[in-house]
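# Secondary and tertiary structure notes
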Amino acid sequence: MVDSNAITLQLKDIRKAYNIGLPAETEILHGIDLIIKRGEFVALIGPSGSGKSTLLNLIGLLDKPTSGELFITGQATTQLQDRELTMLRAKSIGFVFQFHNLLPEFTALENVMLPMLAARGRPDEAIGVRAAELIEQVGLTSVGKHMSNNLSGGQQQRVAIARALVMQPALVLADEPTGNLDTQSADTIFDLLRRVNQTSNTSFIIVTHDPRLAKRCDRIIELVDGRIDSDKPNVAES
Amino acid sequence: MNSIMPFEWILATRFMREARMQTLLIMSGVALGVSVIVFISALIGGLQTNLFRRTLDFQAQIVILPPKEVSRSLRQAGNGKLATLVQPRAQRIQSVDQWQKIMKRVEKMKSVEVVSPVVSGSGFIVRGEANKAISLTGIEPDTYLQLIALRNSIIAGTPNISSTDILVGSDLAKDLGVWTGDKLNLQTASGGTATLIIRGIFDFGNSGANSRSVFIALRTAQSLLNLSGGVTSVQLNLDAPFTAETVAQSIQAQTGLEVESWIAANAQFFSALEAQSMSNNVIRFFVGLTAALGIASVLVVSVVQKSKAIGILRATGTSRRQILRLFLLQGALTGLMGSLLGAGAGWLFLTVWRNVAINDDGTQLFPITFDPMLFVYAAVGATLVGILAALFPALQAARLDPAVAIRG
Ligand SMILES: Nc1ncnc2c1ncn2[C@@H]1O[C@H](COP(=O)(O)OP(=O)(O)O)[C@@H](O)[C@H]1O
Ligand SMILES: [Mg+2]
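Residues numbered from 1 in each chain as written. Chains lettered and ligands numbered in written order. Predicted model: local features only at pLDDT ≥ 70, side-chain atom pairs only at ≥ 80, totals over all residues. Heavy atoms only, no water.

### Focus on the side chain of Ser153(B)
- Within the secondary structure layout, Ser153(B) lies in helix 5 (residues 150–153).
- Setting aside residues up to four positions removed in sequence, Ser153(B) forms contacts with Phe58(B), Ile201(B), Phe202(B), Asp203(B) and Phe204(B). (Helix = DSSP H or I, 4+ residues; strand = E, 2+ residues; numbered from the N terminus. Contact = heavy atoms within 4.5 Å.)

Printed below as a string of structure tokens:
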């Protein structure tokens, strides 16, 4: 049906429970099956507490599912050790969070360099060139050398996007990236994500509460109480 | 970030630079501890070196004596009856058997610097009505003056004596009202008597020695004590004073004579020094422990403060190992920089001390040793302490669940 090469992400019956074995044990995700193809631009919506962040953390290999299997670009991940997980995460996944995205001790440019630095162990010229390229792509060349906590919220999110893209990941996960921005900044961020998506094969999963933005995605997945309630292509957009 | 530092170093130095106040405070703490260690060690080292020197100035490192006359055992071999208690024999001056041969043999040993024969005994000086008991030492000036710092103690005249000369202590000279060039009559219990010219006056800084000791030529002493050709001891110095006990034991084993090292002779003094070194180590230990606890507590707080950052780093490709190293490095750097600061401060303090704590005559009140290795040890030690202190917080940081950290 689908060329397996084109599958960026596959979830098979993923479950996640907290407080396992305790009286307070609760299952948050009840068997998620999902396939994201290369280059897809997906909106993940759903009421607060439905498990969107939990799902995103599992996909980003920051957390382990209680059961089920998760494939990133065809590779099974649930049996991997921390070292391999870290390598796979560094290579394949870019994160953009809602708050506190950047390290305040570093400049905007340095924040963009960090993932490459972590992967290579020490600085080199290529890292600087690549970071400058991405800072330009997100339109922040003029503030690249500013300390990141001196930037506006919108600017910080754009730096975070540049950082998420620096390793050329197969998948970018953005957890309410425009959640605490005004409409105009939110639009700028969204336009940026969309543009990157159209000029690369990177897939995106974007958690958003903004129906206006969700409608501009290729596909909308709605999560309710830890289950996929609906999953449909957004005809208007594609 | 145009540095060549590895990733963890870049992060560690930046974190420390940005947490300026914390870094400064903890480094000052470490520095203070290190400067205390440096200062105390230099002071104690100086005192000990000085004590050793003073001890060795007036004492040969090894003294070879005739074998101790052993009182017969209570039970005679073979015969089962109790023997009568044998009284120790009356102390008679004994000479070292074949001392010239022994001297030749000892002189050939590698570590031996100088060997000198000595005759010692007691006598008295008669001058008019006065009659003073003295202990006399017969020496060969050529070698004996290399053995003991007698030359430096001479306050009048010369220590180079011939058979008609005598050296007396400053207190004895004062008591008798004599000075260099005056004559003294010396007598011994065995009936020997000689009239000698005072060639020099010495001051050992010790009134016992200054009022009782006299030095005369070896030959003169032999005839006064009726020892014709014999000596009561052979004394020697080594190039390494602290090997004296081992060397003494090997000479004893080879010759069957009684051989005493300055270390055995000053056992009490050595155990006092050991106690001093021990208390120095206790101080070091507790200063180290305090520094470690300080570093650890700063890092524990830092891990909590930085948990979001750790989560972000982990999400963007930083491994557990790298996080571990990041915090170990902060501990190590705190220890290293603190110790360098502290060593510098200690050095400064010692220099000031050297110039302030001096006697009226310009010599040092408390001599100190400037051992550059001490600074190296302090730096290495403090770095290790820093790493150890960082171990717990670093493990905590590495174990942090990134999902929880980011959710905060
Ligand atoms: N570490 C945790 N322990 C227990 N419950 C948790 C934990 N993390 C999240 N949850 C719970 O999981 C549910 C889903 O949370 P989340 O994934 O953040 O939802 P969303 O992002 O859709 O708002 C919530 O009820 C939340 O309280
Ligand atoms: Mg959420």
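### Quick word on the UniProt feature "transmembrane region" (unreviewed entry) in chain B
- UniProt marks residues 24–47, 285–305, 326–353 and 373–392 of chain B with the feature "transmembrane region" (unreviewed entry), using the numbering shown here.
- Secondary structure across residues 373–392 of chain B divides into 100% helix and 0% strand, with the first and last C-alpha atoms of the span separated by 30 Å. (UniProt positions renumbered as here; feature names shortened; annotations may be inferred.)

### Concerning the sheet that holds strand 10 (residues 227–233) of chain A
Residue and element names in this part refer to chain A.
- The six strands are arranged 6-7-8-3-9-10 in an open sheet whose pairing can be described as mixed. Bordering the open sheet on either side are strand 6 (93–96) and strand 10, each of which pairs with just one other strand. On average, each strand axis in the sheet is tilted by 15° relative to the strand beside it, whichever way the strands run.
- For strand 3 (residues 41–45) and strand 8 (residues 203–207), the ladder comprises four bridges, and the chain directions are parallel. In the sheet register, valine 42 faces strand 8, and the bridge partner there is isoleucine 205.
- Against the sheet, helix 1 (residues 52–59) touches strand 3, strand 6, strand 7 (171–175), strand 8 and strand 9 (219–224), its axis set at about 155° to strand 7. (Pairing = 2+ DSSP bridges. Axes fitted to C-alpha atoms, helices over the stretch in contact; angles between N-to-C directions.)

### Observations regarding the sheet that holds strand 5 (residues 75–76) of chain A
All names here are of chain A.
- Within the open sheet, the four strands sit side by side as 2-1-4-5. Their pairing is antiparallel. The two strands at the open ends of the sheet, each matched to only one other strand, are strand 2 (26–37) and strand 5.
- Looking at chain direction, strand 1 (residues 7–18) and strand 4 (residues 67–72) are connected through five bridges and run antiparallel. Directly across from glutamine 10, in strand 4, lies its bridge partner phenylalanine 71.

### What about the packing of helix 3 (residues 108–120) of chain A against helix 4 (residues 125–137) of chain A?
Residue and element names in this part refer to chain A.
- Taken N-terminus to C-terminus, the directions of helix 3 and helix 4 make an angle of 135°; their axes are 9 Å apart at the nearest point. The angle between helix 3 and helix 4 places the two elements in the oblique class. As helix 3 packs across helix 4, the resulting crossing turns out to be right-handed. In this structure, helix 3 contributes Ala108, Leu109, Val112, Met113, Met116, Leu117 and Arg120 to the contact, and helix 4 contributes Ala126, Ile127, Gly128, Arg130, Ala131, Ala132, Leu134 and Ile135.
- Looking at side-chain class alone, the contact of helix 3 with helix 4 contains twelve nonpolar, one polar and two charged residues. (Parallel < 35°, antiparallel > 145°, perpendicular 65-115°, else oblique. Left-handed = near helix turned anticlockwise from the far one by under 90°. Nonpolar A, V, L, I, M, F, W, Y, C, P; charged D, E, K, R; others polar.)

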